[in-house]
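Overview (structure and organization)
One letter stands for each residue in the lines below.
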2 protein chains.
Amino acid sequence: MFTGTQSWAFSTSPVLLSGSAVGGPMEAQGPLASSFDLLFDDLWMEQTSYENAQQRLMEEASALAIQKAHIFDEQVDFFISGDLINQMTPTNFAASTLQIPFLGTFNACATSMESVALAAAIIEASGANYILTGSSSHFSSAERQYRFPNEYGSQKPGTSQTTVTGAGCAMISKEGNGPIIKRATIGKIIDLGITDPFNMGAAMAPAAADTIITHLHDFQLPITYYDAVVTGDLGKVGRDICIQLLNDVKVSIAPNQFLDAGLMVYGPDQQVFAGGSGSACSAVVSFGHMLEQLQAKKVNRVLFVATGVLHSPLSIQQQKTMPAIAHAVAIENGSDE
Amino acid sequence: MFTGTQSWAFSTSPVLLSGSAVGGPMEAQGPLASSFDLLFDDLWMEQTSYENAQQRLMEEASALAIQKAHIFDEQVDFFISGDLINQMTPTNFAASTLQIPFLGTFNACATSMESVALAAAIIEASGANYILTGSSSHFSSAERQYRFPNEYGSQKPGTSQTTVTGAGCAMISKEGNGPIIKRATIGKIIDLGITDPFNMGAAMAPAAADTIITHLHDFQLPITYYDAVVTGDLGKVGRDICIQLLNDVKVSIAPNQFLDAGLMVYGPDQQVFAGGSGSACSAVVSFGHMLEQLQAKKVNRVLFVATGVLHSPLSIQQQKTMPAIAHAVAIENGSDE
C-alpha cells in the first residue's frame, strides 16, 4: 500500500458503493441541484439552532447513503466523519443517532477525503466490510463561529467564500459495484503566511498544489492521466493561484480538466463572492454530482483533492497564519467496464 | 483484522516503538513525575498564550518520541493526532512545524487511542513504516474554552475534574523492539442523558463499560486475561460507576487491575477534585508510565481504554446532553519475551 513518500495504492479495490448529497436553499438554486438527493428550502430545517440543523443534514445524508447502498443500518461497521464546528457537535450527535462505531476526523474542509482515504486503508487491511464516511457544513453555523453574526451586516471582500449548507456521505465497501478507490496521497501542512481569514483560497492553493504534485510524483503519473482533478473549495482566487503553482513546476493542467467544487456548486448569478467553501462543499459535489458522472462513465479517472484551512477565530485573534492541508483520493471506473 | 462486531485483531504485530510524556507544574508534583521526559515549571512555557504553550508541549513530545525511536524525523511517514481546542489549533500548528503528512483525529479525550488504533490499522495494511501519534491538553486553554476564566474564581463541585497540562506521543512501527499492538475496539457513542459539564466521569463511564464489554465479547476473552485495564480519565466518580456497570453484566474487575490515568497522574494531596482529565491524561500515562511498566515487564498485557466526552460549550448552552465515546487498544509484550 505505501507508495512513494506520502501515498497509498490500494490493491484490494475498495468500492465507492454509494454516495449522497443533501443541501439547503442556496444549493437548491445552484447548477447541481438535480444531483442532490434532498434539498431544504430554509436554513433551519425544523430545528431550534443552526447546529442542530447541521446535525440533521448529516443524519439525512447518512441514511441516504446507507439506503442507496442497499444494506441495513446494522451492516455498517464504522462511521468516519467530522465537521468544522467546535468539538464537531453536529457530527458527534449524528454519530450518537446512528449508533455505528465512530472514528472522528478533523482536517477542516479536507475532512471528506481524509475520511475516504482512512476508510480505504481500513478496508485494505480487511478491517471492515462497509464504512460510512462524510462531512457536513452549514452557512449560518460557520458564520457564527468563524466570522460575524449575519445580523451585523458586516461587509466582506471579494476574496471571501460562502460556506455550503449541506452534507455528503460515501459508503466505502470491500465488495460491490461502483467506482474503485485506487490511490490516496496524505497532505502535509503548508503555511505560506496568509493571515487574512477572508482569503482562504490563497491559503489553501499551495497545499492543493503540493499534494497534487506529490501525488503525481509518488505514482509516476502525468496529470493527463486523470480525466478531471476536482479540488474541494479553492474558489476563483485559489484555483488561479493553484494553476500558477502547478505551471511553475511544469504541470500543465487543462482548464476544463481542473474543476473546483466551490465553483461548481453555485451559479454565476449567485452572490457567493469567490465561490463555495466548507467541509460539505467537497463532500456534496464529490459524493453527489461527480459520483453520478463516474457512474455514467462521463469521466473514468478522477482525482479528488479536498482542501482545508486549519485556522480558528482564536488563531486569528493572535495574528497567527492560516496553515492549510489537502488530501487527494483517486477514484476510477474499473478497467473491465 | 475485522473481529466480532466492532474490533480489529492485528496479525502483523505493529510495535509501540517509543513513547514520550511532557507535562506542566501540577504533573511535576504528581506521583508519576519520574516517568515524564520533560516537565515545565510554569503554564506559559515561554509562550505568549496558553494555546501556544500547548503547541509547544506537542512539539516537545513529538521530538522526544522520534528521538527515543532512534530514527530521523524524515523517516516518520504520517502524524495522526488531535486535541480538545477548537479547530485543534495546537495540533495543527505542531503538524505545521513537524512537516509530516498529517491526519487529524478528534474524539475528545479518546483521541489518543483512536489514533493508535488507526495507526496500527494503516501498518496492518502495509501503509507505513513509522507513524507518530499523540495528543495534548493544557489546563488553562481548556478552562478558557470549556468553563470560566480562572480569574473569575468560580466554584467547582467535587465531581469536576482537572485538565492535565501535557502531551504524550507514541511511535507505532512496522518493525522494531517493543510491546505489540494486538487488538483494538472502536467505540460507539453512548449518551445516557448526563447534562452536567462538571460531571464528565458519569458521562464517560457507560462508554468505557460498553467498549470494555464489547472488546471482551469480540475476542472471547475473560477480563482476567489482562494484567491491567487503564481507562483514560474517568476519575473517582466515573471509575466507580464503570465498575458497577461491569459488575451488572458479571464482569468482575479486580480493584488493583482497574487503573485510571486520571487517578494515577495526581497524588491524594493535590487539589484536583475527582481526578485528572483532558486528552493528554490518557496519553501521558499510557505513553509514559504504562509503557515503562510494559518495557520493564512489570505488566505484560494491558488494555488501554481512552474515554472522551463529546460536548462543547455551545451544546451545553443548548442544554444538550454529553455524548461520550471510548476506544480500547490492547498492547502486550511478545510471547517470546
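This text gives an overview of the structure that appears in the document.

Our focus in this paragraph is the relation of the copies chain A and chain B. Superposition record for chain A on chain B: RMSD 0.0 Å, screw rotation 180°, translation along axis 0.0 Å. What the superposition gives is, in effect, a two-fold axis relating one chain to the other.

Listed per partner, the contact involves 58 residues of chain A and 58 residues of chain B. Broken down residue by residue, the surface that chain A buries against chain B is led by Gln87, Phe93 and Ile189 of chain A, which jointly contribute 15%. Seen at the junction of chain A and chain B, the total is 0 salt bridges. At the junction of chain A with chain B, the criterion picks out 20 residue pairs in polar contact (both at pLDDT 80 or more). Of all the elements in the fold, those that place two or more residues in the side of chain A that touches chain B are α2 (50-68), α3 (89-98), β6 (102-104), α4 (111-124), α5 (139-146), α10 (313-317) and β15 (324-332) of chain A.

So, about the pairing of strand β5 (residues 78-83) of chain A. Residues and elements named next belong to chain A. Here β5 lies mainly inside the structure; 6 of its 6 residues are buried. Neither face of β5 is exposed, since Phe78, Ile80 and Gly82 on one face and Phe79, Ser81 and Asp83 on the opposite face are all buried. In this structure, β5 lies alongside strand β7 (residues 130-137), joined through 6 bridges in parallel fashion. Across the sheet, the residue bridging to Phe79 is Leu132, located in β7. A crossover links β5 with its parallel partner β6, the connecting element being α3, and its sense is right-handed.

With that out of the way, let us pick up the packing of α2 of chain A against α3 of chain A. All names here are of chain A. Two numbers describe how α2 lies on α3: the axes approach to 8 Å, and their chain directions differ by 45°. Between α2 and α3, the interaxial angle falls into the category oblique. Between α2 and α3 the crossing geometry is right-handed. Contact residues: α2 offers Glu51, Gln54, Gln55, Met58, Glu59 and Ser62, while α3 offers Pro90, Phe93, Ala94, Thr97 and Leu98. Its residues placed into classes, the contact of α2 with α3 shows 5 nonpolar, 4 polar and 2 charged.

Attention shifts here to the pattern of salt bridges. Residues and elements named next belong to chain A. This structure, assessed with the given rule, holds 12 salt bridges over all chains. The salt bridge partner of Lys68 is Asp37, with a shortest N-O separation of 2.7 Å. Here Lys68 is found in helix α2, whereas its partner Asp37 is found in the loop between α1 (25-28) and β4 (38-39), with 31 residues between them in sequence. Salt-bridge contacts for Arg144 lead to Glu51; the nearest nitrogen and oxygen are separated by 2.5 Å. On the criterion of sequence distance, the pair formed by Arg144 in helix α5 and Glu51 in helix α2 is long-range, its members being 93 residues apart.

Analysis parameters
Residues numbered from 1 in each chain as written. Chains lettered and ligands numbered in written order. Predicted model: local features only at pLDDT ≥ 70, side-chain atom pairs only at ≥ 80, totals over all residues. Heavy atoms only, no water. Least-squares fit on C-alpha atoms with pLDDT ≥ 70 in both. Contact = heavy atoms within 4.5 Å. Buried area = accessible area lost by both parts, 1.4 Å probe. Salt bridge = Lys/Arg side-chain N within 4 Å of Asp/Glu carboxyl O. Polar contact = N/O pair within 3.5 Å; in protein donor to acceptor, adjacent residues only side chain to side chain. Helix = DSSP H or I, 4+ residues; strand = E, 2+ residues; numbered from the N terminus. Buried < 20%, exposed > 50% of the residue type's maximum accessible area, 1.4 Å probe, protein only. Pairing = 2+ DSSP bridges. Right-handed = clockwise from strand over helix to strand, strands pointing away. Axes fitted to C-alpha atoms, helices over the stretch in contact; angles between N-to-C directions. Parallel < 35°, antiparallel > 145°, perpendicular 65-115°, else oblique. Left-handed = near helix turned anticlockwise from the far one by under 90°. Nonpolar A, V, L, I, M, F, W, Y, C, P; charged D, E, K, R; others polar.

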